[in-house]
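Structural features, examined
Here's the letter readout for the chains.
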2 protein chains.
Amino acid sequence: MNPKAAVLSIGGEILDGRIHDTNAGRFIRALLSIDIPVVNILTCPDDIQQINDAFEFLFERCSVVLTCGGLGPTSDDLTREAVALFTEDQLVLDKKAEFSLAAYFERKQRPFDDTNKKQAYLPSRALPIQNNIGSAPGFIAAANGKHIVCLPGVPRELTPMLSETVIPYLQAEFPDKKSLSVEIIRFFGLPEATIAGIVERTKVSEAVSISYRATFPEIQLRLTGSDRQETAEAAQILVDAIGEEYLFSRSLEDSMAGVVHRLAVESNSILAVAESCTGGMLGSLLTRNSGSSNFFQGGVISYSNNLKSNLLGVSTETLARFGAVSHNVAREMAQGAKNAARQGVETGAKSPLGISITGIAGPEGGSNEKPVGTFYVGLSTNERTSSYRFYFNGEREAVRRFAAFAAMDVIRRNLLSLPVHAKEQEDES
Amino acid sequence: MNPKAAVLSIGGEILDGRIHDTNAGRFIRALLSIDIPVVNILTCPDDIQQINDAFEFLFERCSVVLTCGGLGPTSDDLTREAVALFTEDQLVLDKKAEFSLAAYFERKQRPFDDTNKKQAYLPSRALPIQNNIGSAPGFIAAANGKHIVCLPGVPRELTPMLSETVIPYLQAEFPDKKSLSVEIIRFFGLPEATIAGIVERTKVSEAVSISYRATFPEIQLRLTGSDRQETAEAAQILVDAIGEEYLFSRSLEDSMAGVVHRLAVESNSILAVAESCTGGMLGSLLTRNSGSSNFFQGGVISYSNNLKSNLLGVSTETLARFGAVSHNVAREMAQGAKNAARQGVETGAKSPLGISITGIAGPEGGSNEKPVGTFYVGLSTNERTSSYRFYFNGEREAVRRFAAFAAMDVIRRNLLSLPVHAKEQEDES
């Protein structure tokens, strides 16, 4: 039987709303990679009794608790004390942790005083985990079949400690785990309710459990079973029922931007963007992964009409006649972007592709004919220039994010020769 | 005495890592606005017994539990049943909720079947909360001084239900709350450890509690006290100790981008960007708030050297001699951006300001002289052109985010005539 795990985030800064807890997701993905499911996520204050109560509650439901936070040098930081209390241990100075800390402060040219030294006091029976990025060491305390993993709350410190020490430790502690078979299928372009309806009506093996969720603006389905072939078959049945064209990815690592990146490189395309209401979000998403210069030239953030004309060559007549948010302007913006992309194609070995977004993100600026949430995506290649009208009902940042995704999906569909489902206008150019 | 609250997120999609729980933050901010502190945040699976155990645990620590999720029509959705069990009530068809649901499906031109009707079954003694955006109604169940608020998990449905119904309900239920005095001070440009050290050494009233946290890449301090003047004085002492120039905001609503927006409008500036490694992130941040066209023209995403030359006028000689990541290129990019901004200044009534970022976000591309994490920010106005060298040790997306913030801070400091602390080169132009 596989062990179960829980995540405990310790710190008032989450409870008073100043930070979102993104570490829970990091823990969960790492644990799922070794087939340990997470049954609870809990956040509690920096308070020894509260942390102790949290351990009591969580260890009724699981045998591994991963904590983050509360390992710093301040008086708020009480995780070490709480773990010592819960495991009936005491804090002692760990010489190796002290040495690493001293070296860290030396490197940072900051004084290593008693306040900072506090971080080197660990429960006496705990296994220390070295922190190569920041100051606070982590540790693992185990007693009576209960495993408590304590890591600092800073993501770039936590991430390597998790993958390099904690995951190997858990694999060694639980060598006989049964492996789960998981399939992830990610869709864009259909409402969650539509996909939920199809899933409800579609028959797949009852041994496969399905859960689904909108990770705005995409929809992810997760299928879990014990038999690999059975799980894969169930996934394929659902993909067929929903429509393969809406499926953009089969893995958590492969984002929409990653898919566009791969397709663009494979097809020898070189992209440039022309962004109005998204203000650079599309370009920012497309350059998130390293290596994006292999397919991405850059482009123009043409927030104002002046820049639409001067940097992209959109005619002032088109702007005056159709308005900045229109099929025609989207197409001329895309052509301007394509011309920018073309500048990266010195030998003609690559195909330039221009993509544009112009829309009304709101909350002001809507009309009856073009309400807030209306946007146009233009696409221009050597073969053709098209534009598509979309509408998304939501808040400003949601409209912008949806528009950036819709534009990436237009690129994806273009490179895969799939149709775009939106009101379309096309010019041969 | 003020009531305490907890947040319970219900759903397997959080526990298996597909979504981050952003609703907890929404609940927390709304509750703090009426001086109700949150003592725990818990996520549990869609399972009646687990939800019941969660209520048991949380109600030992508070009197209000706000839940989200598990109100949909699928077999996963068990929140209604769990609340009925916990409050010893039963589910009955709520006629008004049924009517609203029927109208919703009519509006969406989708069939209103028994599966969907399930959402109108609520605990008999519960107070229904109408959902004007999506399908699932919410409700409030109260028994023995315990208040359970159940809202759907979709943020744009939850948000108005929270502000329009739940908050007024809690204010009416707890009319005698003592108000807390809270001061938020937000800094950028100093490491967390430096600020933490200053806070530890600085004496403020012991009646004021201080908590701090890095909300990457800024640092937020929150001061809470019962006396408004005492809390404000403590905040000022800390601001003076840390350095007023690093303080960019005193409210959770006023982000760095919001501050730049306000300062630019107040100073009659018109901005344009030239972004290399950030790929549009700076523009995306600057256009997040409505009304950004009042100070923002747009700009160029000059990811490739071709676009640096062709759209921004960076000389190919400068690129060849100093490299794309250099003081000189940052300055020429900023000048190109300023020229773009100038196009929006037809009457000369506004001052153009160009801001540029060029850097090595990694993980590839670093050298001994310019390691991964090195970036330059250029600034060009009618008066002068300067560039600043920065370094941030982190992962690709962290470097990009830090660089976008550093650029905004360079603008802020320029508009406030504050110094920039970085290796600087300046050309009079």
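Residues numbered from 1 in each chain as written. Chains lettered and ligands numbered in written order. Predicted model: local features only at pLDDT ≥ 70, side-chain atom pairs only at ≥ 80, totals over all residues. Heavy atoms only, no water.

**Quick look at the overall build of chain A**
Let me state the cut-off plainly: The numbering of helices and of strands both runs from the N terminus, where a helix is a DSSP run of H or I of at least 4 residues and a strand a run of E of at least 2. The rule is simple: take the accessible area with a 1.4 Å probe, protein chains only, and divide by the maximum for that residue type; under 20% is buried, over 50% is exposed, in between is partly exposed. A contact between two residues is defined here by any heavy atoms of the two lying within 4.5 Å.
Looking only at helices and strands, chain A has 15 helices and 18 strands in total. If you line up chain A on its principal axes, its C-alpha atoms span 75 × 60 × 45 Å. Looking at chain A as a whole, 58% of its 429 residues are labelled buried. Intrachain contacts of chain A at a sequence separation of at least 6 include 68% that bridge at least 24 residues.

**Some details on the domain arrangement of chain A**
Selection criterion: In this document the domain limits rely on a domain assignment from an automatic tool or a database.
Considered domain by domain, chain A is made up of domain 1 (5-173), domain 2 (181-249) and domain 3 (256-427). One C-alpha centre belongs to domain 1 of chain A, the other to domain 3 of chain A, and the line joining them spans 45 Å.

**A look at the interface of chain B and chain A**
Note the following rule: When two parts are put together, the accessible area they lose, computed with a 1.4 Å probe and summed over both, is reported as buried area. Salt bridge, as used here, is a side-chain nitrogen of Lys or Arg placed within 4 Å of a carboxyl oxygen of Asp or Glu. Polar contacts, as used here, are pairs of N or O atoms within 3.5 Å; protein pairs need one atom able to donate a hydrogen and one able to accept it. Residues neighboring in sequence count only if both atoms are side-chain atoms. Nonpolar residues are Ala, Val, Leu, Ile, Met, Phe, Trp, Tyr, Cys and Pro. Charged residues are Asp, Glu, Lys and Arg, and all others, Gly as well, are polar. Paired strands, as defined in this entry, are two strands with at least two bridges between them according to DSSP.
In this assembly, 85 residues from chain B lie in contact with 84 residues from chain A. Between chain B and chain A, the buried area comes to about 6,800 Å², and carbon and sulfur atoms account for 51% of it. A:Arg288 serves as the salt-bridge partner of B:Glu397, at 3.8 Å between the closest nitrogen and oxygen. On inspection of chain B and its partner chain A, the count reaches 34 residue pairs in polar contact (both at pLDDT 80 or more). Here the side of chain B that touches chain A is composed, by residue class, of 30 nonpolar, 36 polar and 19 charged. Pairing of strand E2 (residues 38-44) of chain A with strand E2 (residues 38-44) of chain B, which is carried by three bridges, proceeds in the antiparallel orientation. Bridge assignment links A:Leu42 to a residue of E2(B), and that residue is B:Leu42.

**Quick word on unusual backbone geometry**
The step from A:Gly362 to A:Pro363 runs through a cis peptide bond, and the omega angle for that step is 0°. Note on placement: A:Pro363 falls in the loop between strand E15 (351-359) and strand E16 (374-381). Residue A:Glu88 is not a glycine yet carries a positive backbone phi of 55°. The phi torsion at B:Asn268 lies on the positive side, around 60°, for a residue other than glycine. Topologically, B:Asn268 is positioned in the loop between helix H10 (256-266) and strand E13 (269-275). The class of B:Asn268 is partly exposed, set by a relative accessible area of 37%.

**Examining the nonpolar core**
Here is the rule: In this description, a nonpolar core means a group of buried Ala, Val, Leu, Ile, Met, Phe, Trp, Tyr and Cys residues linked to one another through side-chain atoms lying within 4.5 Å.
Of all hydrophobic cores here, the largest spans 82 residues; its most connected members are A:Ile355 and B:Ile355. Excluding anything up to four places from it in sequence, A:Ile355 contacts A:Ala272, A:Val273, A:Ala274, A:Leu282, A:Ala337, A:Val377, A:Gly378, A:Leu379, A:Ala407, A:Val410 and A:Ile411. Grouped together as the second largest cluster of nonpolar side chains are 50 residues, A:Leu42, A:Ala126, B:Leu71 and B:Ala82 included.

**Quick notes on the environment of A:Ile242**
Following the sequence through the fold, A:Ile242 ends up in helix H9 (residues 228-242). Apart from the residues lying within four places of it in its own chain, the contact partners of A:Ile242 are A:Phe187, A:Leu190, A:Ile195, A:Ile198, A:Val199 and A:Leu221.

**Regarding the packing of aromatic side chains**
Selection criterion: Any pair of Phe, Tyr and Trp rings, taking the six-membered ring for Trp, is counted once the centres come within 6.5 Å. Such a pair is stacked with planes under 30 degrees apart, edge-to-face with planes over 60 apart, and tilted for the rest. Criterion for a charge above a ring: Lys NZ or Arg CZ within 6 Å of the ring centre, and within 35 degrees of the ring normal.
Under the defined criterion, the tally for this structure stands at 27 aromatic pairs over all chains. Between A:Arg413 and the ring centre of A:Tyr246, over which it is positioned, the NZ or CZ distance is 5.1 Å.

**So, the relation of the copies chain B and chain A**
Between the two chain copies there is a screw-like relation: a rotation about an axis and a shift along it. Definition in use: Least squares is used to superpose the copies, and the fit set is the C-alpha atoms of residues whose pLDDT is at least 70 in both copies.
Aligned on chain A, chain B shows an RMSD of 0.2 Å; the corresponding rotation is 180° and the shift along the axis is 0.1 Å. The superposition of one copy onto the other is thereby described by a two-fold rotation axis. Mapped onto chain A, 99% of the interface residues of chain B are again interface residues, and the two copies thus contact each other with one and the same surface.

**What about the pattern of salt bridges?**
Counted according to the given criterion, the structure contains 28 salt bridges over all chains. Between B:Arg61 and A:Asp53 there is a salt bridge, with its nearest N and O atoms 2.7 Å apart. In this pair, B:Arg61 is assigned in the loop between helix H3 (48-59) and strand E3 (64-68) and A:Asp53 in helix H3 (residues 48-59), connecting two distinct chains. As a salt-bridge pair, A:Glu98 and A:Lys117 come within 3.3 Å of each other at their nearest N and O atoms. With A:Glu98 in helix H5 (residues 95-107) and A:Lys117 in helix H6 (residues 114-117), this residue pair connects regions lying 19 residues apart in the sequence. A relative accessible area of 15% means that A:Glu98 is categorised as buried. It is possible to trace a salt-bridge network through shared partners that takes in A:Glu245, A:Asp409, A:Arg412 and A:Arg413.

**Looking at the pairing of strand E3 (residues 64-68) of chain A**
Residues and elements named next belong to chain A. Of all five residues in E3, five are buried, a share of seventy percent or more. Of the two faces of E3, both are covered, the one formed by Val 64, Leu 66 and Cys 68 as well as the one formed by Val 65 and Thr 67. Taken together, the five bridges between strand E1 (residues 5-10) and E3 define a ladder with parallel strand orientation. Bridge pairing links Ala 5 to Val 64 in E3. Relative to strand E8 (residues 146-151), E3 runs parallel, the two sharing five bridges. Looking across to E8, one finds that Leu 66 is bridged to Val 149.

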